[in-house]
Amino acid sequence: MDHRTRLYDRVVRITHIYLGPAADRFIARQVQNHLGKEPEKLTVDDLVQLIDWIRVAVSLLTDDTEIVEEYVLQLQRLTYPEAEATGKRVSSDAG
Amino acid sequence: MPASNENTKKQAVVGSRSAAEERAQSEAIFNSIGDGAIATDEFGKITRINPTALRILGYKEKEIIGKWFPSAVINVDENGVPLSLIDRPITRAFLTGATVSDRAYFQRKNGTRLAVSITVAPIIHNNRPIGAIEVFRDITLELKIDRMKSEFISLASHQLRTPLSAIKTYAHMLADGYMGEILPLQRRSLETIIGATDRMNELISTLLNITRIESGSIAIIPKTTNLVKLTEEVIKGLRHIANDKHIDVKLKYSAPAILKTDSLILKEVLSNLLSNALKYTPEQGSVTIKLTGRNQHLTISVHDTGFGIPKHSQQQIFTKFFRAPNVIKHETSGTGLGLYLVKGLVTRLGGKVWFESEENKGSTFYISLPK
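Along each chain, numbering runs from 1 in the same order as the chain's sequence is written. Chains carry letters and ligands carry numbers; both start at the beginning, A for chains and 1 for ligands, and go up in the order they are written. Totals for whole chains, interfaces and linings use all residues, but because this is a predicted model, local features are given only for residues with pLDDT of at least 70 and pairs of side-chain atoms are given and counted only at 80 or more.

Trainee: Is there a simple way to think about the confidence of the model for chain B in this case?
Mentor: Interpretation of the predicted coordinates at a detailed level should be avoided for regions scoring low in pLDDT. Known as pLDDT, the predictor's confidence for each residue is given on a scale from 0 to 100. Looking at chain B as a whole, its pLDDT mean stands at 87, while 94% of the residues score no less than 70. Across chain B, the secondary-structure element scoring lowest on mean pLDDT is helix α1 (residues 3–32) of chain B, at 71, and the one scoring highest is strand β12 (residues 352–358) of chain B, at 95. Helix and strand definitions follow DSSP, with helices as H or I runs of at least four residues and strands as E runs of at least two, each counted in order from the N terminus.

Trainee: Would you explain the sheet that holds strand β5 (residues 113–125) of chain B in this entry?
Mentor: Across a sheet, paired strands are connected by hydrogen bonds in the backbone, their directions being either parallel or antiparallel. Taken in spatial order, the 6 strands make up an open sheet running β2-β1-β6-β5-β4-β3 (chain B), and their pairing is antiparallel. Of all the strands in the sheet, just β2 (46–49) and β3 (74–76) of chain B have a single pairing partner and so form its edges. Strand after strand, the sheet turns through a mean of 40° between neighbouring axes, direction not considered. Only when DSSP finds a minimum of two bridges between them are two strands counted as paired. Here β5(B) pairs with strand β6 (residues 128–138) of chain B via 10 bridges, running antiparallel. If you follow Ala121(B) over to β6(B), its bridge partner there is Ile133(B). Whether two residues are in contact depends on their C-beta atoms, placed from the backbone: they are in contact if these lie within 7 Å. Fitted lines through C-alpha atoms give the axes, limited to the stretch in contact for helices. The angle between two N-to-C directions lies from 0 to 180 degrees. Packed onto the sheet, helix α3 (residues 47–58) of chain A meets β5 and β6 of chain B and runs at close to 40° relative to β6(B). The strands touched by helix α5 (residues 89–96) of chain B within the sheet are β4 (100–107), β5 and β6 of chain B, with β4(B) carrying the most contacts at an inclination of about 150°.

Trainee: Would you mind going over the pairing of strand β9 (residues 258–261) of chain B with me for this structure?
Mentor: Remark: a regular strand shows side chains that alternate across the two faces of the sheet. Residue and element names in this part refer to chain B. Exposure is read from a count of other C-beta atoms within 10 Å of each residue's own; the residue is exposed at 12 or fewer, buried at 20 or more and partly exposed in between. C-beta atoms are placed from the backbone. Covered by surrounding structure in β9 are Leu259 and Thr261 only, the residues Ile258 and Lys260 on the alternate face being uncovered. Looking at chain direction, strand β7 (residues 223–226) and β9 are connected through 4 bridges and run antiparallel. Bridge pairing in β9 links Asn226 to Ile258.

Trainee: In this structure, what is going on with the confidence of the model for chain A? I would like to understand it.
Mentor: Residues and elements named next belong to chain A. Across chain A, the average pLDDT comes to 82, with 80% of residues at 70 or higher. The element-level mean pLDDT for chain A is lowest in helix α6 (residues 90–93), coming to 38, with helix α4 (residues 65–77) highest at 94. Note that residues 85–95 has pLDDT below 50 and, in this model, 16 contacts with residues that lie over four places away or in other chains.

Below, the structure is given as structure tokens:
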């Protein structure tokens, strides 16, 4: 089943920078198992909780807290209403 | 001071006291539990470690607090090779979102290895994950007992086989008339003896296989296998049972079914499934084996028109020693080990096993294996 939505896609796109090809599966599992919902139902309201889970999980893969925070910051930008409304590429915002 | 302010102040004092009490209580629990426990913050840095964990790992508290968990607490495999980050139970738990309970090895400060059973859980505060806790216990003694149990079963099974082999050989020789003429009644008795030794041999093989699966010592030797040929061999081996019960056995396949697997193990799996189907199907029934391929997997289904599995027993069907009550009525022999073994073997082959069944209509068991 194709569970991609615009928001989900953007979360995966950002995650891909840090986790590579595992990004899609990683995010789908975080959404399903921690938020208890299907990826296609991911909303902006879920992002805060999702980011918390991602932070803990990714922090077990690297001790570089700066990288983790940079990744988290990029995800947090997706919670800004204008980013959702305009569909602006947040990863390029971060430079 | 107004009364309401005074009350608020009192409540704050009570509140802070109860929060302090709660902290003290949780600290006391954390420090007194018999299992090792290590807690991390959201960045994987160790925030707390209890005395049991310090004793097991051989560290002092100040040497480990504030360190990044994966580099401070080393997980190794049974050969002492450090596990990759993604293979560690704590990482798997957070990457997959599942609670992980696993066996692993820790490398202690002095470089020695220690077998532990680990459970990992997230620490949740106000509905937010703020870290992780890994709880573990030393299972050195359990592993030693497991090993002794397996060695005992293995030794006992081998020792049982030797006299059985002598019983069977001499029973055959007697039945074949090498030691003089025998009466028909004596022949029937000898055939019963031979049948019983065959069943005993099968039981010993099953016990040995289960021991190997449970101890993880079963070796998988994959080679290119023609599944059609293999299934035909299995059917041939059990044809006499089908003939005795007038059960029609069919093999259906649409294309050559070739896969890379351990053919001996797969043969054992198929023999178990077909023998079950024949055992639990009444006379004049039918058994159909279908081989189908899709993408990277091959599926084998064994369908019978037998007694079926009652709904209330279906969850336990792959459990060790379980036999559904409806088949015990019909067929008294059986150990309840066959399907447990099938599941263990299929899992070792990297496949899956499942079934559909309706009481008094029949069952279909499916195995899916990677090509």
